[in-house]
Amino acid sequence: MALEHAILVSLLEKPGSGYELARRFERSIGYFWTATHQQIYRVLKRMEADGLLAVREVPQQGRPDKKEYSVAAPGRALLSAWLHEPIEPESLRHDLAVKIRGAAFDDPAALVREVERHRAVHGDRLAHYLAGELRDFTGPGAPTPLDAGQELQHVVLRGGIAYERMTIAWLDDVLATLHRLAGAPPAG
């Protein structure tokens, strides 16, 4: 997927400035597609020049005017074409898994802190996802019924929650295995 597609989806959900878009990437989209502020601004500029985005100058008091981006008809057409194209299933390329396998030729206990660090990151991410789900979809202030866009956002979030739970369970298994193997002689 190109960054352009993630930007188009985000701007169709809600038009915004480059700064606002970058913040959305930090808070939600970024868990599924990452980009730096510089990448986002560079791609926004190119998409504007290509006619994919409409731009409106928004006056601000005490600050320079900001550009608010929305999706123009060619941008919507580009996204629609991409949505109808098949994509390859993602492969699992996982540096930590290779390190874990490599620990058989060294000291498995040496990986404990790294695996614990990964588990903490995934635990924090799961907590963030669950808080967002409660706030936006299942809690007392959540809209009912959800519209189609909200339903699709929620199903993606549920996938993220399931992924984080699965990853935490796997990391717990890895930690138990590393602790059990600590002190065992390295493989041949």
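Residues numbered from 1 in each chain as written. Predicted model: local features only at pLDDT ≥ 70, side-chain atom pairs only at ≥ 80, totals over all residues. Heavy atoms only, no water.

- In the annotation of an unreviewed UniProt entry, the entry for the protein reads PadR family transcriptional regulator, and the organism field reads Streptomyces globosus.

**A short note on the side chain of arginine 24**
At step 1: Here arginine 24 shows up in helix 2 (residues 18-27).
At step 2: There is no salt bridge for the buried arginine 24, and the closest opposite charge comes from glutamate 20, which lies 4.7 Å off by N-O distance.
At step 3: In terms of polar contacts, arginine 24 uses its side chain to reach the backbone carbonyl oxygen of serine 10, at 2.9 Å.
At step 4: A polar side-chain atom of arginine 24 sits 2.6 Å from the main-chain carbonyl oxygen of lysine 14. (Helix = DSSP H or I, 4+ residues; strand = E, 2+ residues; numbered from the N terminus. Buried < 20%, exposed > 50% of the residue type's maximum accessible area, 1.4 Å probe, protein only. Lys, Arg positive; Asp, Glu negative; His and termini not counted. Salt bridge = Lys/Arg side-chain N within 4 Å of Asp/Glu carboxyl O. Polar contact = N/O pair within 3.5 Å; in protein donor to acceptor, adjacent residues only side chain to side chain.)

**A word on the domain arrangement of the protein**
At step 1: Considered domain by domain, the protein is made up of domain 1 (3-84) and domain 2 (95-183).
At step 2: Centre-to-centre, using C-alpha coordinates, domain 1 lies 28 Å away from domain 2.
At step 3: Facing four residues of domain 1, the contacting portion of domain 2 comprises six residues.
At step 4: Each partner contributes to the roughly 450 Å² buried at the junction of domain 1 and domain 2, and carbon and sulfur atoms together form 61% of this total.
At step 5: The interface formed by domain 1 and domain 2 holds zero salt bridges in total.
At step 6: Scanning the region where domain 1 abuts domain 2 turns up one residue pair in polar contact (both at pLDDT 80 or more). (Domains from an automatic or database assignment. Contact = heavy atoms within 4.5 Å. Buried area = accessible area lost by both parts, 1.4 Å probe.)

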